[in-house]
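Chain residues, written in single-letter form:
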Amino acid sequence: MSGGADSPSPSLDKQFEEFRSQIEESGSLREKIRAVVLEIESTSRFMHSGLLLVHQSRPVPEVLEKANAQIGELKGLYNRLAEIFRECPGQYYRYHGDWKSETQTVVSLLAFLHWLETGNLLLHTEAEEKLGLNSSEFGLDIEDYLIGVCFMSNEMPRFVVNQVTAGDYDCPRKVLKFLTDLHAAFRMLNLRNDFLRKKFDGMKYDLKRVEEVHYDVKIRGLAATGDSNGNQGVADGQS
Amino acid sequence: MTEWNIDQSVAETMAAALQSSVKRVRTMGSTSESSSSSFKDAFGNYADYLNNLNEKRERVIKASRDITVNSKKVIFQVHRISKDNREEVLDKAEKDLAAVTEKYMSKLVKELQGTDFWKLRRAYSPGVQEYVEAATFCKFCRTGTLLNLDDINATLLPLSDPSVEPLQINVLDYLLGLADLTGELMRLAIGRISDRELEYAEEICQFVRDIYRELTLIVPHMDDSSDMKLKMDTMLQSVVKIENACFSAHVRGSEYMSLPGSSEPSSFLLGLSDAGSLFGNTEKRCFSPLLPAERFWTTYRGKFVHVTPSSALLQVTVLPMLGFEGSESVQKAILEWEQFAVVAC
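An unreviewed UniProt entry lists chain B under the name Translin-associated protein X, with Dovyalis caffra given as the organism. Looking at the Sequence similarities (unreviewed entry) heading of the UniProt record, one finds this comment for chain B: "Belongs to the translin family."

Under an unreviewed UniProt entry, the name given to chain A is Translin, and the organism recorded is Dovyalis caffra. A UniProt comment under Sequence similarities (unreviewed entry) is attached to chain A, and it reads "Belongs to the translin family."

**Topic: the interface of chain A and chain B**
Every contact between the two is made by 50 residues of chain A and, on the other side, 50 residues of chain B. Roughly 4,700 Å² is buried in total at the junction of chain A and chain B, and carbon and sulfur atoms are behind 66% of that figure. Our count for the chain A to chain B interface comes out at two salt bridges. Between A:Glu143 and B:Lys119 there is a salt bridge whose closest N-O contact spans 3.7 Å. One can count eight residue pairs in polar contact (both at pLDDT 80 or more) joining chain A with chain B. Within the residue set of the side of chain A that touches chain B, elements represented by two or more residues are helix 2 (10–51), helix 6 (142–165), helix 7 (171–186) and helix 8 (195–219) of chain A. Examining the composition of the side of chain A that touches chain B, we find that twelve residues originate from one element, helix 2 of chain A, more than from any other. The residue inventory of the side of chain A that touches chain B, partitioned by class, reads 25 nonpolar, eleven polar and 14 charged.

**What about the environment of A:Val36?**
Residues and elements named next belong to chain A. Topologically, Val 36 is positioned in helix 2. The class of Val 36 is buried, set by a relative accessible area of 2%. The sequence separation of Val 36 and Arg 80 amounts to 44 residues, and the corresponding C-alpha distance is 7.4 Å. Non-local contacts of Val 36, meaning those with residues more than four positions away in its chain, are made with Leu 77, Arg 80, Leu 81 and Ile 84.

**Structural notes on a positive patch on the surface**
Residues and elements named next belong to chain B. The grouping of Lys 73, Lys 103, Lys 107 and Lys 110 at the surface amounts to a positive patch. Tallying contributions element by element places helix 2 (residues 86–111) first for the positive patch, with three residues. On the secondary structure map, Lys 107 appears in helix 2. For Lys 107, a relative accessible area of 41% translates into the label partly exposed.

Cut-offs used in this document
Residues numbered from 1 in each chain as written. Chains lettered and ligands numbered in written order. Predicted model: local features only at pLDDT ≥ 70, side-chain atom pairs only at ≥ 80, totals over all residues. Heavy atoms only, no water. UniProt positions renumbered as here; feature names shortened; annotations may be inferred. Contact = heavy atoms within 4.5 Å. Buried area = accessible area lost by both parts, 1.4 Å probe. Salt bridge = Lys/Arg side-chain N within 4 Å of Asp/Glu carboxyl O. Polar contact = N/O pair within 3.5 Å; in protein donor to acceptor, adjacent residues only side chain to side chain. Helix = DSSP H or I, 4+ residues; strand = E, 2+ residues; numbered from the N terminus. Nonpolar A, V, L, I, M, F, W, Y, C, P; charged D, E, K, R; others polar. Buried < 20%, exposed > 50% of the residue type's maximum accessible area, 1.4 Å probe, protein only. Patch = residues over 30% accessible without salt bridge, like charges linked within 9 Å, V, L, I, M, F, W, Y side chains within 5 Å. Areas by Shrake-Rupley, 256 points an atom, 1.4 Å probe, with all protein chains shown as cover. Lys, Arg positive; Asp, Glu negative; His and termini not counted. Charge placed at Lys NZ, Arg CZ, Asp CG, Glu CD.

Here's what the structure looks like:
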């Protein structure tokens, strides 16, 4: 005992030496990830600010064109993330926290863009496709996708209000239909008491706000003239 | 009457709107149904995914709880150790630990395949940490060495057949478990000191210091280091507690006098809870670091005699406090003890 007391046993030292190198390795991996995530964040910020022009009644096609250009960039960045993870299979969720909120934002932008283009919801598989992700190795987490969709719904009331102000009286009807369906679809999910649940609970306020706008427009007979189909997307509703 | 007019106009527009909306609903029916049904399907898939995930998480949490509870039992079993029942206690602890591995750790294997291992880490981590604590605690008491992560993981290999990925505890959970181990070792060390196994306590002290020192280099680089930093503070407290206990045992231990006629280990820490047994066989309890440590010299038949404080203090302080003062058997025991002390000198 007395001999071992002064210098710790070599096996103890050796194990901790290994741990240190393992943990430092994981730290440098995390730094690599963070570097890419910073770029994703900045690209998505540009995309967001471009999309915001839609509230200022710029022609939708012009806004879409600009934002679509950034999707390619995002795709490249996600490809780089996937590349990093090819080195450490199975550890996707170990570092998930480092990019999940950025990814949720990206999904919300993509979904909003997609809706402006087609009037439909961007599905999980479609979102993966747009970002060039592949479920088998580096996919889009379904919860991240769903949270992103909730973020998109937060954007809707503002959009409706501004569209109506700009003279598109048919917009509230289409948005209301879309949000009602979306809300109904979300109610099919059994959620836990987590972030997604909280976001979903917030969705009903978006729905309510859109209903109010719809009501305001309708009660004044403003919507009566519009008779375009819902699936054409809002791009046609623009004058 | 203007009010009425307004109401009427509102009513008219409402009726018109209602009509047009009915019309629209009819025209829109086919197109909107196709789009909403496609995403209903998709949401059906998401619902399945979430249901499966949540059920799996619940199962993992349950297994983790079972592991925690039963690993705690193993730890308590190890604490029952003392000089003479060492083998027996450790045998039982090791048997119980093996049962935890087989019965509960095995449940985690099939749940944590592939990416789920990291995805569900928060659900199983507490159980695994406790398990690491129990396994390393047993090992330390058996051999005085640290059970390596590789060795723990080797014991987990037989749980799964070769076709599936084996369950391997990750470094982070292992280190978090080790941090908890030091708390248990502190308790053990204090217990050993009161059982007069000072050397053993010092060995523990050295071991805990080593772990603490090694961890200081690693912790800043760990994934979620806030949790671990907290544990490091607690660990340092444990180290200091052991060191202080060893210190007092050292300093005051010089006053300990092993008594002739008693080969049995003497109780070292005399707590009041010990008082009952103390009065049963006084001659074995001759010193306590809890009592003031001055030496008493007295004369006995014209000679200077060294008496440890216990006998004097027992009569002066402790006994009246406990209401034992007048007890005849106690008086007799003390008298006997003093005779022992005198003989020893």
